Amino acid sequence: MILKINNLSVRLGGSHILQGVAFDVAETGVTALLGRNGVGKTTTLRAVLGEVPATGEVLFDGRPALGRATHRLVRDGLGYVPEDRCVFAGLTVAENLRLAVRVPSPDFDLVFDLFPELRKRAGQRAGTLSGGQQQMVAIARVLLNPNRLLLVDEPTKGLAPAVVTAVAAVLERIAARVPILLVEQNLAVVRRLATDAVVLEAGRTAWRGRAADLLSDADATRSLLGVGTTAGRH
Amino acid sequence: MKSSSVPTTSPAASPAASSPSPPSVTPPGRLRRLAPLLALLVAVVLPWSTLRLPGLFEGPLNSPGTLQLLAVCLVFAGLALGYDLLFGRAGLLSFGHALYVAAGAYGVDILVSHYGWRLWPTVAVTVLAAAVLAALLGAVALRTSGIAFSMVTLAFAQVGHIVINRDPGGLTGGEEGLPLSSAGLPAMFTGVVNTVNLYWLALAFLTVVVVTVHTIDRAPLGRTLTGLRDDERRIAVLGLSPYRLKLLAFVLAGTLAGLGGATYALVVGGASPHIASSELTLSLIVMAVLGGAGTRWGAVVGGFLYAYLDQRLARLGGSLPGPFGEPLFVLGTLFILAVYFAPGGLASLSSRLEPLRRALRPRPAPDAI
Amino acid sequence: MSTVVLLALTGLGLAALYFLIASGLSLVFGLAGVLNFAHGLFLSVGAYAAWTVSESWGAIPAILLGVAVAATTGALVELVLIRPLYTRHTEQVLVTVGLSLAGVALLQSVWGADARVFPRPAWASSVVNIAGAQVPADRFLLIGAAVLVLLGLLAFLRFTRYGLVIRAGVENRDMVSALGIDVRNAFTLVFAIGGALAGLAGILAGMYFSSISPGQGASLLIFAFIVVVIGGLGSVTGAFAAAVAVGLLQQFVNYYGTAGAGDVSVVALLAAVLLLRPAGLAGKAAPA
């Protein structure tokens, strides 16, 4: 297991957002982190990264992660693609990528192989890119460095259907090299990528197991996620 | 519950209310409810005492020098609590509170000294003017929030400071300040022998502020203001206008500051540009935080102690080594230490050591959100 | 005509001082989220350090020493006082408030409260004839220093690794950390840069006013704050434009209007800008 989470709790401004979340992420494949809006999926990722104060136990690559500085965890190979992309709007595409580089030989070949468009747009300000292009930048800057695990938060949110498919294809290629913990609302994407699934409900782990088992059980899907199995949210 | 001053002689009058506004009555709550009343009583009869407290005061308690020192402390205790209505309760970090203090002080001073007005109508008109000024400037400043609000209030107050320093039409006396002409004052406030009346006047001012602010604390308005400080959206959801509530708090605080400024001018016998300076506002912030911003008595204790130390250290200045002769060095350093080790101010010290532990933890927990 | 030229150059000289103070202030605020009331202290520290050695060392080494001392002060303040309060912004502001009070008092206890005569090189006292106006040469020194600093800062932000980190951090600190970069090193750096520029401003202000006093930093600081807010928090070019506007406005209105009207009009400009564009000229949204 690359990531083991046990009894993870987060309190923010008086509300108890996570109340003992527990699950593992396998060394290979995609683990989907699912649940309705506001159950704490993004908070779970941010707690693992040390961006919000949390209690409990998180083992990343066998080492305790809670209490360590975000940048150290990232340097140890914890890549983060945040919700809403968070590219630096005032920086050019090239500067966004250059900022992320922290190893002597960054994997620009992989990045430009996956996203040939970024080479053309190197001099463009990231703030003027489309949502899909910004998502490419957000994924690309993580891939420049070697990773042991990627945390990817709603990569298809707000994207046009054709772009969703393209992003899913890219994630599928990446998943062949490095495990991914994926927060995703689009069940079609989950169906395509995920090997394992974890469902959160009201700050707790409500279900975990094989993704296929969850998605083939219409009742479980409806009660846990509040959607039918065939319909994506977008 | 009646209010009171907190003379240094009765530390029992500073109950540690570490939680914001709503009073939590702990087991010895009865005593705590009575303590402020007792302290007020002690403060009222104090001028009849000839007790000497060497080290604390130079003369006996009823000497004019001591009474004057105590009167200034009481005024600052009131000013600090009035400021804490904005800062601790409503969460508005104004850097321009000095403007309304100066409006009160210079208003009374100018009308009495230059125009020969009688004192009481002057105070009424001046305080009203301070309220109107706060309403006008607050209406503009509150269109912004956060740091921008702080900057706008700072800039407005700076205008006041500049105007006072330039001495327009010979009204303010410029950098020298304007002594209060005793000719226009009631006999009870003139002459060294009547210092005791100034002391009682300052005590009355503090009482007015405490009663006002504590009444607000207990009223729905107080809870709404602290709600506003914690989460503006929640108040907006209740159908209340955050803007109007904040403006109300701003005007109330400005009015109390105007009254305090008027009292101050009487107590020290005039007004000087220093009370219009940003340094005065900064020291009000220091007082509120030192004592415990947002608590019932924190700002009162902080203001009283600050003013006491400021005056005593200034007098002892020459005899202390190096920078310790500078009151602001001592107070500024104390303040920094307080921010680190007692984030709740003096009011929290007795009941909490948690902040110390938190401050000493190697890596502070990152902020929420 | 000659009056206008003299007023314009004097106003630009003042603008140069404002810019030197405001640019560091703006970067510190933009990156670290700290409204630094102790910035005026950096200015005074630099000025007094230079003043102390200027007699024996000569002008240039004294300036270098003053800038270095102010930069070190800035870095130390960040490391010792600001860093432990990471992201607790109100407490950070309060600490800088305490520091500004205590620091000025400390300077006062060492050098006295009264102003000291600041020596200026002979050439700084000469006058230059421009379009019929007799312009003191120190104005050009101030303007030249500010322009050099502007170009240097822009080049630093544009072409260096740390500049890139600072620009990104002004936009989104957390995301910079999430890329594996220790953004707090950049905080220390901007405090040091801010301190150095404030120290330089203090020395130049000493030459400009021919004197230094412990409280000088605080009075310049308020106008620098106004420049920062008008220019947009975190923007160096915004601070430059705002400094020019404030310096010229202040100088011209003070000359043609009644005394003090220039200062008042600067505050009016601030109020107008904030009401029309709450984020300032350069437009980074001011965090609440």
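Residues numbered from 1 in each chain as written. Chains lettered and ligands numbered in written order. Predicted model: local features only at pLDDT ≥ 70, side-chain atom pairs only at ≥ 80, totals over all residues. Heavy atoms only, no water.

Topic: the overall build of chain B
Point 1. Helix and strand counts for chain B stand at 14 helices and two strands.
Point 2. Looking at chain B as a whole, 55% of its 369 residues qualify as buried.
Point 3. Of the contacts made within chain B by residues no fewer than 6 positions apart, 74% connect residues no fewer than 24 positions apart.
Point 4. Summed over its atoms, the accessible surface of chain B is roughly 15,200 Å², and 66% of this surface lies on carbon and sulfur atoms. (Helix = DSSP H or I, 4+ residues; strand = E, 2+ residues; numbered from the N terminus. Buried < 20%, exposed > 50% of the residue type's maximum accessible area, 1.4 Å probe, protein only. Contact = heavy atoms within 4.5 Å. Areas by Shrake-Rupley, 256 points an atom, 1.4 Å probe, with all protein chains shown as cover.)

Re the layout of surface pockets
Over the atoms rolls a probe the size of a water molecule, and its path tells where empty space is left.
Point 1. When its volume is computed, the second largest pocket comes out at roughly 1,300 Å³.
Point 2. Lining the second largest pocket are 43 residues, and of these His161 of chain B together with Gly215, Gln216, Ala218 and Ser219 of chain C lie nearest its centre.
Point 3. Looking at the lining of the second largest pocket, the elements that each hand over two or more residues are α5 (146-166) and α10 (278-291) of chain B together with α1 (2-32), α2 (39-57), α4 (89-111), α9 (183-209) and α10 (216-231) of chain C.
Point 4. In terms of residue count, the dominant contributor to the lining of the second largest pocket is α10 of chain C (eight residues).
Point 5. Across the lining of the second largest pocket, the residue classes break down as 21 nonpolar, 17 polar and five charged. (1 Å grid on protein atoms, 1.4 Å probe; cavity = no way out; pocket = protein on both sides within 12 Å on 5 of 7 lines; lining within 4 Å. Points joined across faces, edges and corners; volume = space filled by probe spheres on them. Nonpolar A, V, L, I, M, F, W, Y, C, P; charged D, E, K, R; others polar.)

Notes on the interface of chain B and chain C
Point 1. Opposite the 39 residues of chain B that make contact, chain C presents 40 residues.
Point 2. When chain B packs against chain C, close to 3,500 Å² is buried across both sides, 81% of that on carbon and sulfur atoms.
Point 3. Contact with chain C buries surface across chain B, with Ile147, Met151 and Tyr340 of chain B losing the most and accounting together for 17% of the total.
Point 4. Counting across the interface, chain B meets chain C through one salt bridge.
Point 5. Measuring nitrogen to oxygen at the nearest pair gives 3.2 Å for the salt bridge that ties arginine 166 of chain B to aspartate 263 of chain C.
Point 6. Counting the contacts that link chain B with chain C gives two residue pairs in polar contact (both at pLDDT 80 or more).
Point 7. Looking at the side of chain B that touches chain C, the elements that each hand over two or more residues are α5, α10 and α12 (327-341) of chain B.
Point 8. Counting residues per element, the side of chain B that touches chain C draws most heavily on α5 of chain B, at 13 residues.
Point 9. Among the residues making up the side of chain B that touches chain C, the classes are represented as 26 nonpolar, eight polar and five charged. (Buried area = accessible area lost by both parts, 1.4 Å probe. Salt bridge = Lys/Arg side-chain N within 4 Å of Asp/Glu carboxyl O. Polar contact = N/O pair within 3.5 Å; in protein donor to acceptor, adjacent residues only side chain to side chain.)

With respect to the environment of arginine 223 of chain B
All names here are of chain B.
Point 1. The residue arginine 223 is located in helix α7 (residues 220-230) in this model.
Point 2. Measuring from C-alpha to C-alpha, the distance between arginine 223 and alanine 90 comes to 9.5 Å, with 133 residues separating the pair along the chain.
Point 3. When residues no more than four places from it in sequence are discounted, the contact partners of arginine 223 are Asp217 and Arg218.

Remarks on the packing of aromatic side chains
Point 1. Within the structure shown, the criterion is met by 15 aromatic pairs over all chains.
Point 2. Judged by centre distance (5.8 Å) and plane angle (80°), the ring pair of phenylalanine 57 of chain B and tyrosine 308 of chain B falls under edge-to-face. Placement of the pair is phenylalanine 57 of chain B in the loop between α1 (29-45) and α2 (64-89) and tyrosine 308 of chain B in helix α11 (residues 298-316), with a sequence separation of 251 residues.
Point 3. Phenylalanine 57 of chain B sits in the buried class, given a relative accessible area of 5%.
Point 4. In this structure tyrosine 308 of chain B comes out as buried when scored by relative accessible area, which is 8%.
Point 5. Their ring planes at 85° and their centres at 5.7 Å tell us that tyrosine 100 of chain B and phenylalanine 250 of chain B sit as a pair that is edge-to-face. Linking tyrosine 100 of chain B in helix α3 (residues 98-113) with phenylalanine 250 of chain B in helix α9 (residues 242-268), this pair joins segments that are 150 residues apart in sequence. With respect to burial, tyrosine 100 of chain B and phenylalanine 250 of chain B carry one shared label: buried.
Point 6. Connected via pairs of aromatic rings, a cluster forms that spans Phe95 of chain B together with Phe37 and Phe225 of chain C. (Phe/Tyr/Trp six-rings, centres within 6.5 Å; stacked < 30°, edge-to-face > 60°.)

Regarding the sheet that holds strand β8 (residues 180-183) of chain A
All names here are of chain A.
Point 1. Pairing is mixed across the open sheet formed by six strands, whose spatial order is β6-β7-β8-β3-β9-β10. Looking at the sheet topology across the chains shown, the edges are occupied by β6 (78-81) and β10 (204-210). Taking each pair of neighbouring strands and ignoring which way they run, the sheet shows an average axis angle of 20°.
Point 2. Strands in contact with helix α1 (residues 41-49) are β3 (30-34), β6, β7 (149-153), β8 and β9 (194-201); relative to β7, the strand with the most contacts, it is inclined by about 145°.
Point 3. Of the strands in this sheet, β6 and β7 are in contact with helix α6 (residues 131-143), which crosses β6 at around 175°. (Pairing = 2+ DSSP bridges. Axes fitted to C-alpha atoms, helices over the stretch in contact; angles between N-to-C directions.)

Considering the side chain of aspartate 84 of chain B
Residue and element names in this part refer to chain B.
Point 1. Looking at where aspartate 84 falls in the secondary structure, it is placed in helix α2.
Point 2. Residue aspartate 84 is classed as buried on the basis of its relative accessible area of 0%.
Point 3. When near neighbours in sequence (up to four residues on either side) are disregarded, aspartate 84 contacts Arg89, Ala288, Gly292, Ala293, Gly294, Thr295 and Ala299.

Here we look at the pattern of salt bridges
Residue and element names in this part refer to chain A.
Point 1. In total, this model carries 21 salt bridges over all chains according to the counting rule given.
Point 2. With its nearest N and O atoms 3.1 Å apart, the salt bridge here joins glutamate 117 to arginine 121.
Point 3. Residue classification places arginine 121 among the partly exposed positions, given a relative accessible area of 26%.
Point 4. When the shortest N-O distance is used, the salt bridge between aspartate 196 and arginine 210 registers 3.6 Å. Of this pair, aspartate 196 sits in strand β9 while arginine 210 is found in strand β10, placing the two residues 14 residues apart along the sequence.
Point 5. Judged by its relative accessible area of 47%, arginine 210 is partly exposed.

Observations regarding the confidence of the model for chain C
The predicted coordinates ought not to be read in detail in places where the model reports low pLDDT.
Point 1. For chain C, the average pLDDT comes to 86, and 96% of its residues sit at 70 or higher.
Point 2. Long-range and interchain partners of residues 284-288 of chain C, a stretch whose pLDDT sits below 50, account for eleven contacts in this model, where long-range means more than four residues apart. (pLDDT = per-residue confidence, 0-100.)

Regarding unusual backbone geometry
It is generally the case that most residues other than glycine have a negative phi and that most peptide bonds are trans.
Residue and element names in this part refer to chain A.
Point 1. Although it is not a glycine, asparagine 7 sits at a positive phi angle of roughly 55°.
Point 2. With respect to the element layout, asparagine 7 can be found in strand β1 (residues 3-12).
Point 3. Its identity as a non-glycine residue notwithstanding, glutamate 154 has a phi of 45°, on the positive side.
Point 4. Tracing the backbone through its elements, the reader meets glutamate 154 in the loop between β7 and α7 (161-175).

Points about the confidence of the model for chain B
Residues and elements named next belong to chain B.
Point 1. In this model, chain B carries an average pLDDT of 79, and 82% of its residues clear a pLDDT of 70 or more.
Point 2. By mean pLDDT, the top-scoring element of chain B is α3 (94), and the lowest-scoring one is helix α14 (residues 354-360) (48).
Point 3. Here residues 353-357 scores under 50 on pLDDT; set against residues more than four positions off or in separate chains, the count is five contacts.
Point 4. Across residues 362-369, where pLDDT falls below 50, the model places 16 contacts with residues more than four positions away in sequence or in other chains.

Focus: the packing of α7 of chain B against α9 of chain B
Residues and elements named next belong to chain B.
Point 1. Packing of α7 against α9 brings their axes to within 11 Å, and their N-to-C directions diverge by 110°. When the axes of α7 and α9 are compared, the pair comes out roughly perpendicular. The way α7 lies across α9 gives a crossing that is left-handed. Within the contact between the two elements, α7 uses Leu221, Thr224, Leu225 and Leu228 and α9 uses Pro242, Leu245, Lys246, Leu248, Ala249 and Leu252.
Point 2. Class assignment of the residues belonging to the contact of α7 with α9 gives a composition of eight nonpolar, one polar and one charged. (Parallel < 35°, antiparallel > 145°, perpendicular 65-115°, else oblique. Left-handed = near helix turned anticlockwise from the far one by under 90°.)

Details of α4 of chain C
Point 1. If you check α4 of chain C, its first and last C-alpha atoms are 32 Å apart, about what 23 residues at 1.5 Å a residue would give, namely 33 Å.
Point 2. Backbone geometry just after α4 of chain C places glycine 112 of chain C at a positive phi near 85°. (Expected span 1.5 Å × (residues − 1).)

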